[in-house]
Amino acid sequence: MEIEQRLGLYQVFLKLYEHHRGLLDEILQLEKTNYKTFASIATRCVTGVIQGQSAYIVSNLANGRTQTLLQSQGIWTIGRDRQLSIPIPDRRLSRHHAAIQYIQNQGFYLVDLGSTNGSFVNGEPLQGRRLLRDGDRVRLSNLTFSFFLCNDTQRLDETPPDILAKLATLTEEVPALQSVVRKSPMTEQIERKEETSHFLQEESNLRGSVLEVSIPQLSPAQQSDILDRFYSRHIQRVIEHN
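Residues numbered from 1 in each chain as written. Predicted model: local features only at pLDDT ≥ 70, side-chain atom pairs only at ≥ 80, totals over all residues. Heavy atoms only, no water.

Chemist: I'd like a description of the overall build of the protein, backed by residues and values.
Modeler: Secondary structure assignment for the protein yields seven helices and twelve strands. Going through the 242 residues of the protein one by one, you find that 36% of them count as buried. Summed over its atoms, the accessible surface of the protein is roughly 15,900 Å², and 51% of this surface lies on carbon and sulfur atoms. (Helix = DSSP H or I, 4+ residues; strand = E, 2+ residues; numbered from the N terminus. Buried < 20%, exposed > 50% of the residue type's maximum accessible area, 1.4 Å probe, protein only. Areas by Shrake-Rupley, 256 points an atom, 1.4 Å probe, with all protein chains shown as cover.)

Structure follows, in structure tokens:
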């Protein structure tokens, strides 16, 4: 039974590799998180910050760079259009896909701008607009990120002397750590490609051992649903592990 399941899974991955390679890449990226790291998901986030009468967001959706985004009208637009607040060159997003709007004394709302592939909050389709809460999971077509809300500022006590002493000792060791070689973006990209084909290389001797599995063409909505299920499953696994 186990070998039949493995063979069947191999055929499914083979079909995905041939016809939906981009989707397979994202699935494998989620699988790589396992229990030890949640980096590939946690790197996509938007934080709404409220300070007195002003509000802004901190986001790293655009080019993976964390930015503080100030907008006088309290409206941050998201989509493919490069003129938007958060432009993302993803063909599955609409040119004007969605917006995050801050309303005084209410909070941050997610608003769908009539997108083709839809907007979702915690797996539920968005109709009109919805007030975002701390920890909400947002999906715009296939783009998934977490929303965090920060409206509480605290002034902390000074650091105790014994901890300051430990920090001073550790600071002396920093030069030794600077010799660690970091991977370049090109190296990371190559490794991701190798990860995508690793499963096929490992099981290549099984090709032809079972009947071909027919996989229909997936619509953008179906691909989005698959990613959302993987995302939800990994969040649950990490919660249970912790």
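Chemist: How would you explain the confidence of the model for the protein if you had to name every residue and give the values?
Modeler: Taken residue by residue, the protein gives an average pLDDT of 77. The fraction at 70 or more is 54%. Note that pLDDT drops below 50 for residues 35-42; the model gives that stretch 13 contacts with residues more than four away or on any other chain. The low-confidence segment residues 209-213 (pLDDT under 50) makes nine contacts with residues lying over four places distant or belonging to another chain. (pLDDT = per-residue confidence, 0-100. Contact = heavy atoms within 4.5 Å.)

Chemist: Outline the nonpolar core, listing residues and values.
Modeler: Residues Ile86, Phe108, Leu110 and Leu140 are the most contacted members of the largest nonpolar core, which totals 25 residues. Going through the elements one at a time, strand E1 (45-51), strand E2 (54-59), strand E4 (75-79), strand E6 (98-103), strand E7 (107-112), strand E11 (136-140) and strand E12 (143-150) are the ones with two or more residues in this core. (Core = buried A, V, L, I, M, F, W, Y, C linked by side-chain atoms within 4.5 Å.)

Chemist: Requested: an account of the environment of Ile50, with residues and values cited.
Modeler: Position of Ile50 among the secondary structure elements: in strand E1. Of the residues examined, Ile50 reaches a relative accessible area of 18% and is grouped as buried. It is 9.4 Å that separates the C-alpha atoms of Ile50 and Tyr102, two residues lying 52 residues apart in sequence. Apart from the residues lying within four places of it in its own chain, the contact partners of Ile50 are Ala55, Tyr102, Phe108, Leu149, Cys150 and Asn151.

Chemist: Account for the sheet that holds E1, naming residues and giving values.
Modeler: Two modes of strand pairing occur in sheets, parallel and antiparallel, and in both the strands are linked by backbone hydrogen bonds. A sheet is described by the order of its strands in space; here seven strands give the open sequence E3-E2-E1-E12-E11-E8-E9, paired in mixed fashion. At either margin of the open sheet sits one strand with a lone partner, and together these are strand E3 (67-69) and strand E9 (124-125). In terms of strand pairing, E1 meets E2 through six bridges, oriented antiparallel. Residue pairing in the sheet places Ile50 in a bridge with Ala55 of E2. (Pairing = 2+ DSSP bridges.)

Chemist: Which residues make up a nonpolar patch on the surface, and what values go with them?
Modeler: A contiguous nonpolar patch, built from Ile163, Leu164, Leu167 and Leu170 and spanning about 360 Å² of accessible area, is present on the exposed surface. In this structure, Leu164 sits in helix H4 (residues 161-171). (Patch = residues over 30% accessible without salt bridge, like charges linked within 9 Å, V, L, I, M, F, W, Y side chains within 5 Å. Salt bridge = Lys/Arg side-chain N within 4 Å of Asp/Glu carboxyl O.)

Chemist: So what about the side chain of Asn60? Which residues, and what values?
Modeler: On the secondary structure map, Asn60 appears in the loop between E2 and E3. Using a relative accessible area of 11% as the deciding quantity, one classes Asn60 as buried. At 3.1 Å, the side chain of Asn60 forms a polar contact with the backbone nitrogen of Cys45. (Polar contact = N/O pair within 3.5 Å; in protein donor to acceptor, adjacent residues only side chain to side chain.)

Chemist: Go over the pattern of salt bridges with me, naming the residues and quoting the values.
Modeler: Taken as a whole and judged by the stated rule, the model has three salt bridges. With its nearest N and O atoms 3.2 Å apart, the salt bridge here joins Asp90 to Arg92. Judged on exposure class, the residue Asp90 and its partner Arg92 are both buried. Salt-bridge contacts for Arg130 lead to Glu124; the nearest nitrogen and oxygen are separated by 3.2 Å. We classify Glu124 as partly exposed; its relative accessible area is 45%.

Chemist: Describe the side chain of Asp112, naming the residues involved and giving the relevant values.
Modeler: Along the chain, Asp112 falls in strand E7. Put simply, Asp112 is tucked away with no salt bridge, and the nearest opposite charge, on Arg139, sits 10 Å away. At 2.9 Å, the side chain of Asp112 forms a polar contact with the backbone nitrogen of Gly114. At 2.7 Å, the side chain of Asp112 and the side chain of Ser115 are in polar contact. Not counting residues up to four positions away in its chain, the partners in contact with Asp112 are His97, Ala98, Gly118, Ser119, Leu126 and Gly128. (Lys, Arg positive; Asp, Glu negative; His and termini not counted.)

Chemist: Could you give an account of the environment of Arg133, naming the residues involved and the relevant values?
Modeler: Here Arg133 lies in the loop between strand E10 (129-131) and E11. Linking Arg133 and Tyr109, residues 24 residues apart in sequence, is a C-alpha distance of 9.0 Å.

Chemist: Got a sec to walk through the packing of aromatic side chains? Specific residues and values, please.
Modeler: Summed over the entire model, instances satisfying the criterion amount to three aromatic pairs. When the centroid spacing of 5.0 Å and the interplanar angle of 45° are considered together, the rings of Tyr102 and Phe108 count as tilted. Each member of the pair Tyr102 and Phe108 is classed as buried. Site record: aromatic cluster; members linked through ring pairs are Trp76, Tyr102, Phe108 and Phe147. Over the face of the ring belonging to Tyr109 we find Arg129, whose NZ or CZ atom lies 4.2 Å from the ring centre. Across the ring face of Phe120, the terminal group of Arg139 is positioned such that the distance to the ring centre comes to 4.0 Å. (Phe/Tyr/Trp six-rings, centres within 6.5 Å; stacked < 30°, edge-to-face > 60°. Lys NZ or Arg CZ within 6 Å of the ring centre and 35° of its normal.)

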